[in-house]
Amino acid sequence: MKKVLIAGASGMVGNITLDYCLKSSNVVEVISLVRKKSNTTHPKLKEVIVEDFIDYANDKGLFKNIDSAYFCIGVYTGSVPDKLFKQITVDYAVGFAKTLKANSPNARLCLLSGAGADRTEKSRTAFARYKGMAENKISKLGLEFYCFRPGYIYPVTPRKEPNVLYKLFRYLYPLVKLMGSSASIKSTELAKAIYLAGINGADEEILENKDIVKLL
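Per chain, residues are indexed from 1 in the order of the written sequence. Residues qualify for local features only when their pLDDT is at least 70, as the model is predicted, and side-chain atom pairs are given and counted only at 80 or more; totals for whole chains, interfaces and linings, by contrast, use all residues. The side-chain values count all of the structure's non-hydrogen atoms but skip hydrogen atoms and water molecules.

### Some remarks on the packing of helix H1 (residues 12-23) against helix H6 (residues 187-200)
Relative to each other, H1 and H6 sit at 55°, their axes nearing to 8 Å. Between H1 and H6, the angle falls in the class oblique. Relative to H6, the crossing made by H1 is right-handed. Across from Met 12, Val 13, Ile 16, Thr 17, Tyr 20 and Cys 21 in H1, the residues of H6 making contact are Ser 187, Thr 188, Leu 190, Ala 191, Lys 192, Ile 194 and Tyr 195. Fitted lines through C-alpha atoms give the axes, limited to the stretch in contact for helices. The angle between two N-to-C directions lies from 0 to 180 degrees. Going along the chain from the N terminus, every DSSP run of H or I of four or more residues is numbered as a helix, and every run of E of two or more is numbered as a strand. Should an angle fall under 35 degrees it is called roughly parallel, over 145 degrees roughly antiparallel, and 65 to 115 degrees roughly perpendicular, with every other angle called oblique. With the far helix as reference, a near helix turned anticlockwise by less than a right angle produces a left-handed crossing, and one turned clockwise produces a right-handed crossing. Only heavy atoms enter the contact rule, under which two residues are in contact if any of them lie within 4.5 Å.

### Details of the pairing of strand E4 (residues 68-71)
Sheet faces and side chains relate simply in a regular strand, where the side chains alternate between the two faces. Each residue is placed in one exposure class: buried if its accessible area under a 1.4 Å probe, protein chains only, is under 20% of its type's maximum, exposed if it is over 50%, and partly exposed if it falls in between. Because side chains alternate across E4, one face comprises the buried residues Ser 68 and Tyr 70, and the other comprises Ala 69 and Phe 71, equally buried. When DSSP finds two or more bridges between a pair of strands, those strands are recorded as paired. Pairing analysis gives four bridges linking strand E1 (residues 2-7) to E4, with the strands arranged parallel. Bridging across to E4, Val 4 finds its partner in Ser 68. With four bridges joining them, E4 and strand E5 (residues 108-112) adopt parallel strand pairing.

### Quick word on the nonpolar core
Of all hydrophobic cores here, the largest spans 34 residues; its most connected members are Leu 33, Phe 96 and Leu 109. Mapped onto this core, the elements with two or more residues apiece are E1, strand E2 (27-34), E4, helix H2 (82-103), E5, helix H3 (126-139) and strand E6 (144-149). If you tally residues by element for this core, the top one is H2, at nine residues. Not counting residues up to four positions away in its chain, the partners in contact with Leu 109 are Ala 69, Phe 71, Phe 96, Ala 97, Leu 100, Ile 138, Leu 143, Glu 144, Phe 145 and Tyr 146. Nonpolar cores are built from buried Ala, Val, Leu, Ile, Met, Phe, Trp, Tyr and Cys residues. Side-chain atoms within 4.5 Å join them into one set.

### A short note on the sheet that holds strand E3 (residues 45-49)
Here we have seven strands laid out as an open sheet, ordered E3-E2-E1-E4-E5-E6-E9, and parallel in their pairing. Sheet topology places E3 and strand E9 (206-208) at the edges, where each strand pairs with a single neighbour. On average, each strand axis in the sheet is tilted by 15° relative to the strand beside it, whichever way the strands run. Sheet contacts for H6: E1, E2, E4, E5 and E6; angle to E5, the most-contacted strand, approximately 160°.

### Some words on H1
Helix length check: H1, at twelve residues, gives a terminal C-alpha distance of 17 Å against a target of 16 Å (1.5 Å per residue), a fit within 8%. Within H1 the residues assigned to the buried category are Val 13, Gly 14, Ile 16, Thr 17, Leu 18, Cys 21 and Leu 22. To estimate the expected span of a helix, subtract one from its residue number and multiply by 1.5 Å.

### With respect to a positive patch on the surface
A cluster of basic side chains, namely Lys 86, Lys 98, Lys 137 and Lys 140, defines a positive patch on the protein surface. Locating Lys 137 in the fold gives a position in helix H3. Like charges within 9 Å and nonpolar side chains (Val, Leu, Ile, Met, Phe, Trp, Tyr) within 5 Å are joined into patches, using only residues over 30% in relative accessible area that form no salt bridge. We get accessible surface area from the Shrake-Rupley algorithm with a probe of 1.4 Å; when it comes to residues, only the shown protein chains can shield them. Within this document, salt bridges are pairs made up of a side-chain nitrogen of Lys or Arg and a carboxyl oxygen of Asp or Glu, the two lying within 4 Å of each other. Counting rule applied: Lys, Arg positive; Asp, Glu negative; His and chain ends not counted. Charge placement uses NZ in Lys and CZ in Arg. For Asp and Glu, CG and CD serve respectively.

### Thoughts on unusual backbone geometry
The backbone phi angle of Asn 65 is positive, close to 60°, even though this residue is not glycine. For Glu 121, which is not a glycine, the phi torsion comes out positive at approximately 60°. Among the structural elements, Glu 121 can be located in the loop between E5 and H3. Judged by its relative accessible area of 30%, Glu 121 falls in the partly exposed class.

Shown next as structure tokens:
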């Protein structure tokens, strides 16, 4: 029976990942790190309000005896200033991973990254550069670590799209889907793959869209 820790359960993918964990017979407890309380209640769920997603000095006890951890916090490109974008993409993820390593060194960690993540850290695109930077820093910690690089994520549950590009992709999804397993994935499929990797592990650290599909 697994004790699970998750950050980002209020997001599209994180919320579905949380749901898989709560419904799983393999999971006995889920600790969800949040900025504010949600409306989700469940006997397995413990929501904890966290003020600082970089320094967990006052919350390190939450990271003890964890078997599987999921980091699904993210922000859309252009939605916040570059400094904050880097902080959320890199510092939040690395702070979570370092605290996990210090308190549950044998835990599995699944990171929601993104297609195009650049581990050379030389990309002119902030998204690719910062995602690659986060992957590099976490990979060096020595945890059992899996980073997920989905292509276009189709929202199974309708939502207010964050920008015009996402509105267009949602409209064109039937055509995007025809491009094959490297191009897109449903939000429910991605969340299920992330959940499964946290429970069972995976064959490789870097999971591109086509590799994520194979986990299902």
